[in-house]
Amino acid sequence: MEPAADLLSPAGHELLERLAGEAEVSPDRALRLAEQLRGRYPADLVAAALTQQSLRIAGRAKFSRADAMFFTRAGLEQASSDLTAEHSARRFAGCGLVADLCCGIGGNLTALADVAGHVLAVDSDLQTLKFAMRNVVLGHSPRHVTPVCADVRDLALAGHGAFPATAAGRGAQVEAVFIDPARRAGDRRFRAGDSQPPLDWCFGLADHVGAVCIKAAPGLPLELVPAGWETEFVTTGRNLKEALLWSPALATSRRRATILPAVQTMTAEPGEPVPVAAPGAFLLDPSPAVTRAGLVEELARSVGAWKIDPMIAFLAADAAISTPFARTLRVVESMPWNERQVARRLRELGIGTADIRRRGLAGDVGQIHRRLGLQGDGSATIVMTRRDGRPWTLICVSVDS
Ligand SMILES: C[S@@+](CC[C@H](N)C(=O)[O-])C[C@H]1O[C@@H](n2cnc3c(N)ncnc32)[C@H](O)[C@@H]1O
């Protein structure tokens, strides 16, 4: 267990206040601070406060209020950011009593408390739950949230009186559940699709409480998701963050790709097959949310693009297309993949810096990059792929070049 409990004491608070101005806690700086502070505070409290300050600094990437929050290392790593938590909470707007199962340090909890009448915050780790309650009150009155330290599998969600009396009323019925099961235990990360509690158990919650959202790793095998559930892949920019699995009561589509921060979203829509033809002047590299959600054809239809191979997720277009669902590149060369000939062409083009995107072709990208022997001032994206079943390459630059 992390030695963090005393941080919630007055001495811990005072110590954290003193460290609040520290911009970064490098090992040298930490050593000096520890020496300065140890005479005045217990050594374990100093160590915990130094760790907490470095977690707060790391937490700024996820939370606008990170400097006042409390984290455990595992809790911060697995927490939903302000941005993703606000997004997943939207479908709970107007719910009376929501249970946030496996609430961790409260990333989702805070956003759920914003939109629901009352939230039950449940986690089996007492320290983590205490931190969640401290974190949620930064934005809310604590009477909107009731903490429950328990194994979620021991709760009778559909029954009355399973929870302590809450401001929502004694024995009030849980209307909806958000669950973010653990994807690691200690230092061990689970395989995609594995979690604690397991996904099967999480899906079963919908038999008791209709409205359920499960936050899962974006790499989860899609065949694990039961029929009638919606799978939503969420990215911030091009970074794939999470898969949200919505029970039939909350589902609005079968598959969805959502790009944050502007909440641009695309759903599965049946339509005409997308034509397959030779590459055009522009290449579209779909967002990972679109490829994971299997919405490449929907994207192609919506922007008038075509496929270069029936099995490949790159799309082609005649004009530069501006869409949040794909990165558009200008094609400067389109040729069969032959390493020596591609290397020669790159030298002719003066390409000294390249990023290799590989889809549908085998090979070690690092080794290929070295063997290409790039020289020159130009930069490019080298796309290694298939064109109508044949190994193919496209040398691309950004649309502005
Ligand atoms: C992925 S984290 C939750 C992150 C949280 N949604 C956030 O945004 O901060 C998973 C949490 O599940 C808790 N947990 C794991 N198994 C549990 C169980 N059976 N019952 C209750 N909590 C559990 C862990 O203690 C951990 O805090």
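Predicted, not measured: the structure shown is a model, and the values here were computed from it.

The rules behind the values
- Residues numbered from 1 in each chain as written.
- Predicted model: local features only at pLDDT ≥ 70, side-chain atom pairs only at ≥ 80, totals over all residues.
- Domains from an automatic or database assignment.
- Contact = placed C-beta atoms within 7 Å.
- Helix = DSSP H or I, 4+ residues; strand = E, 2+ residues; numbered from the N terminus.
- Nonpolar A, V, L, I, M, F, W, Y, C, P; charged D, E, K, R; others polar.
- Near = placed C-beta within 6 Å.
- Pairing = 2+ DSSP bridges.
- Axes fitted to C-alpha atoms, helices over the stretch in contact; angles between N-to-C directions.
- Buried ≥ 20, exposed ≤ 12 C-beta atoms within 10 Å, placed from the backbone.

Participant: Sorry, what's going on with the domain arrangement of the protein here?
Facilitator: Quite often, the size of an interface is put as the accessible area lost when its parts meet. Per the domain assignment, the segments making up the protein are domain 1 (5-59), domain 2 (77-263) and domain 3 (282-398). When each unit is reduced to the centre of its C-alpha atoms, the spacing between domain 2 and domain 3 is 38 Å. Each side of the interface is counted separately: domain 2 has 13 residues, and domain 3 has ten residues. Secondary-structure elements contributing two or more residues to the side of domain 2 that touches domain 3 are β8 (230-236) and β10 (255-260). Top element by residues in the side of domain 2 that touches domain 3 is β10. It accounts for five residues. Of the residues that constitute the side of domain 2 that touches domain 3, the class distribution is seven nonpolar, three polar and three charged.

Participant: How do you make sense of the site of the ligand when you look at a structure like this?
Facilitator: Around the ligand, a shell composed of 24 residues is seen, among which Ala-79, Cys-102, Gly-104, Gly-107 and Asp-180 lie nearest. Elements that contribute at least two residues to the shell around the ligand include exactly α4 (73-78), α6 (107-115) and β2 (118-123). Here the shell around the ligand is composed, by residue class, of eight nonpolar, ten polar and six charged.

Participant: Can you help me understand the sheet that holds strand β14 (residues 315-317) in this one?
Facilitator: Whenever strands of a sheet pair, they do so through backbone hydrogen bonds, lying parallel or antiparallel. Spatially, the seven strands line up as an open sheet ordered β13-β14-β12-β15-β18-β17-β16, and their pairing is mixed. Edge positions in the sheet fall to β13 (306-307) and β16 (351-358), since each has one partner strand and no second. Two elements, strand β12 (residues 282-286) and β14, share three bridges in a ladder whose sense is antiparallel. Paired with Leu-284 across the strands is Leu-315, a residue of β14.

Participant: Looking at this structure, I do not really get the sheet that holds strand β11 (residues 264-267). What am I missing?
Facilitator: Across the sheet, nine strands lie side by side as β3-β2-β1-β4-β7-β9-β8-β10-β11; this open sheet has mixed pairing. Every other strand in the sheet has two partners, leaving β3 (145-149) and β11 as the edge strands with one partner each. Pairs of neighbouring strands in the sheet enclose a mean axial angle of 20 degrees, with direction left out of account.

Participant: Explanation requested: unusual backbone geometry in the structure shown.
Facilitator: Peptide bonds are mostly trans, and most non-glycine residues show a negative phi. That bond from Gln-196 to Pro-197 is cis: its omega, -5 degrees, falls within 30 degrees of zero. One can find Pro-197 in the loop between β6 (188-189) and α8 (199-204). In this model, Leu-260 is joined to Pro-261 through a cis peptide bond whose omega is 15 degrees. The backbone of Cys-102 sits at a positive phi, close to 65 degrees, despite the residue not being glycine. Structurally, Cys-102 can be placed in the loop between β1 (97-101) and α6. A count of 24 C-beta atoms within 10 Å places Cys-102 in the buried class. Of note, the phi angle at Val-263 is positive, near 55 degrees, even though the residue is not glycine. The residue Val-263 is located in the loop between β10 and β11 in this model. In this structure Val-263 comes out as partly exposed when scored by C-beta crowding, with 13 C-beta atoms within 10 Å.

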